[in-house]
Structures are given as structure tokens and as C-alpha cells.
Amino acid sequence: STEPGEAARWEAEAQRQVDRLDTMVDSILASLRLLAEEPPKVGPVDVVAVVEGTVISLAAILRLHRLKTTFRERPLNAVGSADLLSRVLEYLLENGAKYAPPGGRILLTGRRDGGRVLLEITDDGPGILAEWRDRIFEPFVRADDSSRGAGVGLFAARHLARSMGGELRVEDRPSAGSRFVLELAAAHGPVNRRSRRGAEAALQPAPGSSSR
């Protein structure tokens, strides 16, 4: 017969697997919806406001890591959609939190480079082998054999970046860890009201999360 403690452990593990499958199915459905969406309406976006709002909304996920955001100039405006930019950042920051060790560092840096705005997200996780740097952006592909995620987050992030006229890539790092670079066209005009509303919405904490 099974001891009560062992039965409880089996039950807890079964629930974790159910939750993981639910999350995987949600991710797959979300990726399929992305492919069916019409091209977004883009305009000047306040990148700093969107980053700050996204970080607040992910406080519960990022609380075990040391996150630092740095902007080399302010204001930092890009051509895009505040809502979609926030979603791309969510995928990238969640990916960093997933692979960086507890207490590990995640650094998000924003800067202008000529006519482009670059957002770099680096972590001190295990890194990505050169032969995987293109494949990780394919749907349902993971660079390891763990059960962490459905393998659609980076696919979705690149799809959203390109839908805004931008690009998402992963670059080599001299030390361990990963560096993802999101590149968008720089915006020189004022942020429009629609983009401001998107940024303000991103600043609202997600249900069940708390700011730190």
C-alpha cells in the first residue's frame, strides 16, 4: 500500500504536470492566434514607460533574480505598438528568469544607435550554443530537453517584433549567458495618445503579482 506522505507527493506532482500542460496548451493557442492577427497599427512608443510597466507586471516572476534596467538616453521613443512591445518584453524577461539561476542577474539596457532603438536583455544562465541560435526562434523548439515551456515564446517574440518592422536576434556573449537584442526603428515625433494608453495599461500590475 502507498504511504500517506508518498500519496501526497504523487498528487502534488500530478497537479504540477497538469498545470504545466495547461500552460503549454495556452502557449500553443496563443502562438496560433498570432499568425492569424492582422498587421498592427504602429506609431511612436515611449519605450521607457513600456519597459517599466512590464517589469512591474512581472514582479512575481522576477523576484528571485537581480534585475537591472538601464537607459542611456531619455526619452527613448521607437516606432511600434506599446501593447506588442510589452508582450515581446514579457517573453524575453520570462525566458531570462526561466534559465538564469536563482539570484542570477538579468540586465535590460535601452539605447539609440543611429536611426534604431536597441533593447538588450542579458542573463547569466547557461547560454545558447551557436548551432541553436536560429533554431530557438522556430515554433516548439527548445535548446534543452527540460520541460520548461512549450517552445513557442521566442517564436512569438520574433513574430511580434517583425510585425512592428523590427527584428529580434540572439548574440554571442564572451562569458556565459544569453544576450537577446530587440531592434526597432527610432521615432522622432511625439508619442501619440494611443501609444500612451498602451504604455499606461502596461503599467498596471498583472493579477496576483506585486511590485517590488
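Now for a quick tour of the structure. (Residues numbered from 1 in each chain as written. Predicted model: local features only at pLDDT ≥ 70, side-chain atom pairs only at ≥ 80, totals over all residues. Heavy atoms only, no water.)

**A word on the packing of helix H2 (residues 47-57) against helix H4 (residues 82-99)**
Piece 1. At a closest axis distance of 9 Å, the pairing of H2 and H4 adopts a crossing angle of 50°. On the basis of their axis angle, the class for H2 and H4 is oblique. Between H2 and H4 the crossing geometry is right-handed. Across the interface between the two elements, Val 47, Val 50, Val 51, Thr 54, Val 55 and Ser 57 of H2 pack against Ala 82, Leu 85, Ser 86, Leu 89, Glu 90 and Leu 93 of H4.
Piece 2. When the residues that make up the contact of H2 with H4 are grouped by side-chain class, the tally is eight nonpolar, three polar and one charged. (Axes fitted to C-alpha atoms, helices over the stretch in contact; angles between N-to-C directions. Helix = DSSP H or I, 4+ residues; strand = E, 2+ residues; numbered from the N terminus. Parallel < 35°, antiparallel > 145°, perpendicular 65-115°, else oblique. Left-handed = near helix turned anticlockwise from the far one by under 90°. Contact = heavy atoms within 4.5 Å. Nonpolar A, V, L, I, M, F, W, Y, C, P; charged D, E, K, R; others polar.)

**A short note on the nonpolar core**
Piece 1. Formed by 38 residues in total, the largest nonpolar core has its most connected members in Leu 85 and Leu 93.
Piece 2. Secondary-structure elements contributing two or more residues to this core are H2, strand S2 (66-71), H4, strand S4 (105-113), strand S5 (116-123), helix H5 (153-163), strand S6 (167-171) and strand S7 (178-185).
Piece 3. Counting residues per element, this core draws most heavily on H4, at eight residues. (Core = buried A, V, L, I, M, F, W, Y, C linked by side-chain atoms within 4.5 Å. Buried < 20%, exposed > 50% of the residue type's maximum accessible area, 1.4 Å probe, protein only.)

**Structural notes on the environment of Val 55**
Piece 1. On the secondary structure map, Val 55 appears in helix H2.
Piece 2. For the pair Val 55 and Ser 86, spaced 31 residues apart in sequence, the C-alpha separation works out to 9.3 Å.
Piece 3. Apart from the residues lying within four places of it in its own chain, the contact partners of Val 55 are Leu 62, Leu 67, Thr 69 and Leu 93.

**Details of the pairing of S7**
The side chains of a regular strand alternate, first on one face of the sheet and then on the other.
Piece 1. Burial analysis of S7 places seven of its eight residues in the buried class, which makes it a mostly covered element.
Piece 2. Sheet analysis places S5 next to S7, joined by eight bridges and oriented antiparallel. Bridged to Asp 123 within S7 is Ser 178.
Piece 3. Looking at chain direction, S6 and S7 are connected through five bridges and run antiparallel. The residue of S7 that forms the bridge with Glu 167 is Glu 183. (Pairing = 2+ DSSP bridges.)

Read these as spatial facts, not as claims about activity.
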